[in-house]
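What the coordinates show
Take a look at the letters that make up each chain.
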Amino acid sequence: MIALAAGAACLLSLATVVPLRHLALHWDLVDRPGGHRAHARPTPYLGGIAITVGTVTPTVIVLGLADLQITAILLAAVAVCVLGLIDDIAPLPAATRLAVETVVAIGVVLSGVQAPLTGTWLDGALTVVWVVVMTNSFNLLDNMDGALGTVATVTAGLLAATALVQGHTALAVFLFALACACLGFLPHNWAPARVFMGDSGSLFLGFTLACSATVLVTGRPPDATIAGLFLPTFVATVDTCVVFLSRTLANRSPLQGGTDHLSHRLRHIGLGTRAVSVTLGAITAITGALCLTMVLGRLSPLIAVVIAGVIAVVLIGLLRGASVDSPVQRPKAPQKIRERRR
């Protein structure tokens, strides 16, 4: 089942990107360089639709809709993808996006997906908040060619392995399909990117990965729950924290676009775009492996989190002076279009 779903997801995503790219060009759904956007040439959106189709179709064919939690995650993730697609076409207010994300996250929580942090009704509310925050954290991570695609591929693959170890076969099928759908998309998004996933893809990935990590910590003690949520989402979490703190200390709105993400800082210290994606993928692999090792009982949750914390401190220390907050200077686009939010 896993081989069938994974292979179909990769091929479907790889093949679907091409017509979607042409459709985006035909509809002028193109992100042109300028302002805080670091890419060098106009690039079409809609790649996220290929990831969604590549993930959802094989999963439903192989598993059906018998598993309530997987079905709830799939339906909610498709809704989030549609939300992102609408936002790609005509930018939505932040409040509208957050409201829709909150509603669909509540739907997933009502299906039984909850992080057992307090053992009370607060767990449902905390899970909703965490899923919404992580959904948007992964959205912010989509700021450089290949970066989010690489991180999502590694994250989904290691979460799938963790699901197998814990006996969640259905979730493993879904996550391997997700990983391979991202893998099929990467050749089109690898620097220099020929297509972007857009908000439809980044919101879909963030939502599905956050919900999947939550499923895997169900029934575990609080320390293992915190570690199980933090380790798979390490790069997105650290990136969001760094951006929020740096912009707050600089008296700028955390919601304002900028080139002060981890990826931009890595570029500033001399890494190329592809090297940045590989570096972020490697860090994701390390923290994801820590999570898997913890689940196997070879490492305590406290030690796993401490190791990840040391990695975060070292990473932030190396990149502390590598902030690039000024807009990227590019030739002006021949026609005025909306600014891509980051």
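Each remark here, short or long, concerns the structure printed above.
All values derive from a computational prediction rather than experimental measurement.

Bringing a nonpolar patch on the surface into the picture now. A surface patch of nonpolar side chains, amounting to about 490 Å² of accessible area, comprises Leu302, Val306, Val310, Val314 and Leu318. Turning to its location among the elements, Val314 is positioned in helix H13 (residues 301-319).

Angle between the axes and distance between the axes: these two values describe a pair of packed helices. Two elements in contact, helix H3 (residues 68-89) and helix H8 (residues 198-216), have axes whose closest approach is 7 Å; the angle formed by their N-to-C orientations is 155°. By the angle between their directions, the pair H3 and H8 is classed as roughly antiparallel. Handedness of the crossing formed by H3 with H8: right-handed. Contacts between H3 and H8 involve Gln69, Ile73, Ala76, Ala77, Val78, Val80, Cys81, Gly84, Leu85, Asp87 and Asp88 from the former and Gly198, Asp199, Ser200, Leu203, Phe204, Phe207, Thr208, Cys211 and Val215 from the latter. Across the contact of H3 with H8, the residue classes break down as twelve nonpolar, five polar and three charged.

With 20 residues, helix H5 (residues 122-141) ought to run about 28 Å at 1.5 Å a step, and its terminal C-alpha atoms sit 28 Å apart, in line with that. Among the 20 residues that make up H5, 14 are buried, leaving the element largely enclosed by the rest of the structure.

Applying the stated rule across the entire model yields three salt bridges. In this structure, Arg97 and Asp87 form a salt bridge, with 2.7 Å as the shortest nitrogen-oxygen distance. With Arg97 in helix H4 (residues 94-110) and Asp87 in helix H3, this pair connects stretches of sequence that are ten residues apart. In this pair, the class of Arg97 matches that of Asp87, namely buried. Arg97 serves as the salt-bridge partner of Asp199, at 3.3 Å between the closest nitrogen and oxygen. Separated by 102 residues along the polypeptide, Asp199 in helix H8 and Arg97 in helix H4 bring together distant segments of the chain.

Evaluated as defined, the whole model comprises three cavities of 30 Å³ or more. Taken as a whole, the largest cavity encloses approximately 60 Å³ of empty space. For the lining of the largest cavity, the class distribution of residues is nine nonpolar, three polar and one charged. What the second largest cavity holds in volume is close to 40 Å³. If you trace the second largest cavity, you find it lined by Thr155, Leu158, Leu159, Thr162, Pro232, Thr284, Gly288 and Cys291. Looking at the lining of the second largest cavity, the elements that each hand over two or more residues are helix H6 (147-165) and helix H12 (273-295). Take the lining of the second largest cavity: its biggest share by element is four residues, from H6. Tallied by class, the residues present in the lining of the second largest cavity amount to four nonpolar, four polar and no charged.

Conventions and cut-offs
Residues numbered from 1 in each chain as written. Predicted model: local features only at pLDDT ≥ 70, side-chain atom pairs only at ≥ 80, totals over all residues. Heavy atoms only, no water. Patch = residues over 30% accessible without salt bridge, like charges linked within 9 Å, V, L, I, M, F, W, Y side chains within 5 Å. Areas by Shrake-Rupley, 256 points an atom, 1.4 Å probe, with all protein chains shown as cover. Salt bridge = Lys/Arg side-chain N within 4 Å of Asp/Glu carboxyl O. Helix = DSSP H or I, 4+ residues; strand = E, 2+ residues; numbered from the N terminus. Axes fitted to C-alpha atoms, helices over the stretch in contact; angles between N-to-C directions. Parallel < 35°, antiparallel > 145°, perpendicular 65-115°, else oblique. Left-handed = near helix turned anticlockwise from the far one by under 90°. Contact = heavy atoms within 4.5 Å. Nonpolar A, V, L, I, M, F, W, Y, C, P; charged D, E, K, R; others polar. Expected span 1.5 Å × (residues − 1). Buried < 20%, exposed > 50% of the residue type's maximum accessible area, 1.4 Å probe, protein only. 1 Å grid on protein atoms, 1.4 Å probe; cavity = no way out; pocket = protein on both sides within 12 Å on 5 of 7 lines; lining within 4 Å. Points joined across faces, edges and corners; volume = space filled by probe spheres on them.

By themselves these figures say nothing about function.
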